[in-house]
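Structural features, examined
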Amino acid sequence: MTQNERKQAVAHAALDHILPHLENDMILGIGTGSTANGFIDALAEIKNRFDGAVASSESSAERLRTHGIPVYDLNTVSELRFYIDGTDETNEHLHLIKGGGAALTREKIVAVVAKEFICIADENKWVDVLGAFPLAVEVIPMARSYVGRELVKLGSDPIYREGVVTDNGNIILDAWNMNIINPIEVEQAINQITGVVANGLFAIRPADLLLLGTSSGVKSLTIQ
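Quick notes on the rules
Residues numbered from 1 in each chain as written. Predicted model: local features only at pLDDT ≥ 70, side-chain atom pairs only at ≥ 80, totals over all residues. Heavy atoms only, no water. Buried < 20%, exposed > 50% of the residue type's maximum accessible area, 1.4 Å probe, protein only. Helix = DSSP H or I, 4+ residues; strand = E, 2+ residues; numbered from the N terminus. Right-handed = clockwise from strand over helix to strand, strands pointing away. Salt bridge = Lys/Arg side-chain N within 4 Å of Asp/Glu carboxyl O. Patch = residues over 30% accessible without salt bridge, like charges linked within 9 Å, V, L, I, M, F, W, Y side chains within 5 Å. Areas by Shrake-Rupley, 256 points an atom, 1.4 Å probe, with all protein chains shown as cover. Phe/Tyr/Trp six-rings, centres within 6.5 Å; stacked < 30°, edge-to-face > 60°. Core = buried A, V, L, I, M, F, W, Y, C linked by side-chain atoms within 4.5 Å. Contact = heavy atoms within 4.5 Å.

1. Description of the pairing of strand β2 (residues 52-55)
Side-chain alternation along β2 places Gly 52 and Val 54 on one buried face and Ala 53 and Ala 55 on a second face that is also buried. Remark: the strand β1 (residues 27-30)/helix α2 (residues 34-43)/β2 crossover connection has right-handed handedness.

If you want it as C-alpha cells, here you go:
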C-alpha cells in the first residue's frame, strides 16, 4: 500500500466512523493539509447527509466550497460534534505536532470547540518523542526577534519561515531540534511568551481518536 493509498484509507475510515452519527443539521470541523484534503474529497460523496462545515483555513474552505459543501463561520455555530484533521507528528498519547501548513491557530480553535477530535495520519507520522518535525509557532510580526530569543532559551533553534503569512496576518517561527519529553509543559511555556499567538503542540487538547494508515491497514488508537 503506497502512502497515498494509506491516506485515502484513513480518510474513508474517518468517514465510516462519523457516518452513523451524521444528522441533516450537523456541522463538521475540517482541518488543513494533504490528508485533510483527502477527507474533504471523500466527504463530498455524502454531502447531502449533513449541513456543512467549519474550516480551519482559507484553503480548506475553498476546497469544501468547490465540492458544494457550505462553509460556516465558527462564531455562528453552537457546537461541533467532530473535528477531522491530519498531523505532522503523533505519539502514543495522541499528543500532536501540527502547523506545517501554517494553520495551527485556527486548527486549535476548531479542535477545542469539537466534542471529538479525529486525527487521520500515515504511519510515518508516528514517533516515540515529539520534536523531529519543527514546531511551528505563530507570532505577531513585531515580536519575531523577541520570541525567537525566548525559544532559544527553551532549547530550540528557531527559524523564520520566510514568505509565509498566516490566515490571521501573522508570521511563523519554526522551532527546530526540540526533544519534547513533556509536551503539555512545553506547550504551556511557549504560550506564555508575549507575542506568541499559538504553537503547534496539541497536547493540552490532544486527539481523541487516531486513525493510522499502515501497510497492513488502518489502526484505530485512543489515548493511552
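2. A short note on the pattern of salt bridges
Going through the model one piece at a time under the given rule, you end up with 11 salt bridges. Between Lys 153 and Glu 150 there is a salt bridge, with the nearest N and O atoms lying 3.0 Å from each other. Placement of both Lys 153 and Glu 150 in helix α5 (residues 144-153) is noted, with a separation of 3 residues, approximately one turn of the helix. For Lys 153, a relative accessible area of 64% gives the class exposed. Exposure remark for Glu 150: the relative accessible area of 18% places this residue in the buried category. Because the salt bridges share partners, they merge into one network encompassing Arg 6, Asp 122 and Glu 123.

3. Examining a nonpolar patch on the surface
A contiguous nonpolar surface patch, about 240 Å² in accessible area, is contributed by Ile 109, Val 112 and Val 113. You can see Val 112 is positioned in helix α4 (residues 104-113). You can call Val 112 exposed: its relative accessible area is 55%.

4. Observations concerning the packing of aromatic side chains
Going through the model one piece at a time under the given rule, you end up with 2 aromatic pairs. Aromatic pair Tyr 83 and Phe 117: ring centres 5.1 Å apart, planes at 40°, arrangement tilted. Here Phe 117 lies in strand β6 (residues 114-122) and Tyr 83 lies in strand β3 (residues 80-85), a separation of 34 residues in the sequence. Residue Tyr 83 is classed as buried on the basis of its relative accessible area, which comes to 0%.

5. Examining the nonpolar core
For soluble globular proteins, the rule of thumb is that nonpolar side chains tend to be buried together. Of all hydrophobic cores here, the largest spans 27 residues; its most connected members are Ile 18, Leu 28, Ile 30, Phe 39, Leu 43 and Ile 118. Mapped onto this core, the elements with two or more residues apiece are α1 (3-18), β1, α2, β2, α3 (58-66), β3, β6 and β12 (209-214). With residues up to four places along the chain from it excluded, the contact list for Leu 43 reads Leu 15, Ile 18, Leu 28, Ile 30, Phe 50 and Ile 69. The next biggest cluster of nonpolar side chains, apart from the first, holds 19 residues, and it includes Val 137, Leu 151, Val 186 and Ile 190.

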